[in-house]
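# Understanding the architecture of this molecule
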Amino acid sequence: MIFKTDLNYRKQSLLKLLVTVQEHEAEIIKALYDDFKKPAFEAVFTETEYIVTELKQTIKNINKWAKPKWVLPSLLNFPSTDYLYQEPFGKVLIIAPWNYPYQLVFSPLIAAVAAGNQVVVKPSELTPNTSKVIAKIIHKTFEENHVKCVEGGTEIAQTLLAQRWDYIFFTGSVNVGKIVAKAAAENLTPVTLELGGKNPCIIDETANLKLAAKRIVWGKFLNAGQTCIAPDYLLVHQNIKPRLIDLLKEEIIVAYGENAQISPDYPRIINEKNWKRQLALLENQTILLGGQSTAEDFYLSPTLLDEPSMDSLVMKEEIFGPVLPILCYETEADLERIISCYEKPLSLYIFTENNGFAKKIITKYAFGGGCVNDTLIHFANKRLPFGGVGHSGIGAYHGKRSFDLFSHQKAVVKKANWLDIPTRYAPYQGKLNSIKKLLNWFS
Ligand code: NAD
């Protein structure tokens, strides 16, 4: 296979992809708007330009990343030269969700191609307009036996999963993640699972409340709350809860106006099923703001809920929409009681001026990644790994890590012949003490 080893071929493919995605930028923005009214600003900020910068970074670094690396040898092997080779896995399957339907196809795809793999991608069927443009871009850029886009829904995904792959990269829900993991286990295929969960956002008494409210509203209602790392629920210290609620209401109005339905900056829920699911979360709840909805365009306004009970639906499942429950706490034991009800989340946020408190929370709870005094922005640093832990995912990517993820790290020791220390060879009699000493000195 030419693309497996030929670095120049990979690089040329990525350069061609860069030209094609730039040519299709307007088409992608329109498709994202047609699929769920994603505003052009968000489409550029979180999808198209994100991919352009990822491509440029990968093209710039591919030679360095792909080069075999010299590794400090073990003295036990003296004399030797040790290397790490980056080997492509072979055939890679990428299955993507609908919420950032363009970015979550191309970001892993770029890395898989850079690492020298053959790739099949399946975009989400819930964003058919974007899926069509993705298929067109891939068709125009790559030879079919190099990268292929297969459009379709669950049945197509299951047909693909039934085939044998050398690596599977899945982004989506926890439930489907389990199906993917089972299918992969059949052939012992390695997987990356980028999943979701219930992300807590803690606001303590010392927080800068005005800024906290602004940044929470941004992170929660971007993409109408349909973001895997959006704050799922707030845990607010009881002394500042009324003030924070006022500020959240103010910031929602500043961002989207009194009526978010006429705001050009507020997307829609992806489809009827998800829209109905969001409405069901509001049943029997105290709505502090929002709750307005229309069926024709799957609209649901930014909604704040007060103190839902822990056994209500909204506190049982990942919300993944513009509904934000606000719970108050008094002590750190209250926080633990609530956070420990859930599987390890994909992200966690803490708003505080108290560094000791922030550190305590970061070390006490397991979560994929997060921020102190902001939301979502850890995603933007390509030098930080992005991924979950436990039920929120397996594996992490971004930047060079994405290249490494799609490469088998092959370890090779080249032994020199000019010296051959005899201790390790049989017969062993009289050598036990020497091998012990050697192991202790040199390991
Ligand atoms: P989903 O799991 O329903 O679908 C994801 C993909 O799996 C789609 O391509 C779909 O066609 C396919 N699929 C659906 N059912 C399947 C089945 N039974 N067998 C095989 N394939 C199947 O997820 P979604 O609704 O598209 O996305 C929302 C979920 O994704 C949320 O839980 C969110 O937290 C998560 N998510 C995670 C990340 C991340 O980076 N960790 C990013 C975005 C979304």
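Our subject is the structure listed above.
Computed from a prediction, not measured in an experiment: that's the story for all the values here.

The full set close to the ligand counts 27 residues, and Ala-96, Glu-125, Ser-173, Leu-195 and Glu-318 are the nearest of them. Between the ligand and Lys-122, the relevant distance is 3.0 Å, taken from an oxygen atom to a side-chain nitrogen or oxygen of the residue. With respect to the ligand, the side chain of Glu-125 contributes an N or O atom lying 2.7 Å from an oxygen atom. In the complex, 90% of the free accessible area of the ligand, which totals 840 Å², lies under the protein chains. Counting residues per element, the ones that place at least two in the shell around the ligand are helix H7 (154–162), strand S6 (167–171) and helix H8 (174–186). Here the shell around the ligand takes four residues from H7, the largest share from any one element. Along the lines of polarity and charge, the residues of the shell around the ligand split into 15 nonpolar, eight polar and four charged.

Take the packing of helix H2 (residues 7–23) against helix H5 (residues 103–114) next. In contact at an axis separation of 9 Å, H2 and H5 are set at 155° when each is read in the N-to-C sense. Taken together, H2 and H5 sit at an angle that is classed as roughly antiparallel. Taken together, the residues of H5 that come into contact with H2 (itself represented by Arg-10, Ser-13, Leu-14 and Leu-17) are Phe-106, Ile-110, Val-113 and Ala-114. Its residues placed into classes, the contact of H2 with H5 shows six nonpolar, one polar and one charged.

Here we come to helix H10 (residues 241–256). The end-to-end C-alpha separation of H10 is 22 Å, in line with the 22 Å expected for 16 residues at 1.5 Å each. Inspection of H10 places Lys-241, Leu-244, Ile-245, Leu-247, Leu-248, Glu-251, Ile-252 and Tyr-256 among the buried residues, and these make up the whole buried set. When H10 is viewed along its axis, its buried side chains cluster within an angular range of 165° and face the same direction. Residues of H10 that are exposed and point more than 90 degrees away from the buried face comprise Pro-242 and Val-254. Buried residues along H10 sit in contact with strand S8 (200–203), helix H9 (209–221), strand S9 (233–237), strand S10 (286–289), strand S13 (303–306) and strand S14 (323–329). Looking one or two places after H10, you find Gly-257, whose phi comes out positive at around 80°.

Thresholds applied
Residues numbered from 1 in each chain as written. Predicted model: local features only at pLDDT ≥ 70, side-chain atom pairs only at ≥ 80, totals over all residues. Heavy atoms only, no water. Near = heavy atom within 4 Å. Polar contact = N/O pair within 3.5 Å; in protein donor to acceptor, adjacent residues only side chain to side chain. Areas by Shrake-Rupley, 256 points an atom, 1.4 Å probe, with all protein chains shown as cover. Helix = DSSP H or I, 4+ residues; strand = E, 2+ residues; numbered from the N terminus. Nonpolar A, V, L, I, M, F, W, Y, C, P; charged D, E, K, R; others polar. Axes fitted to C-alpha atoms, helices over the stretch in contact; angles between N-to-C directions. Parallel < 35°, antiparallel > 145°, perpendicular 65-115°, else oblique. Contact = heavy atoms within 4.5 Å. Expected span 1.5 Å × (residues − 1). Buried < 20%, exposed > 50% of the residue type's maximum accessible area, 1.4 Å probe, protein only. Arc of directions from axis to C-beta.

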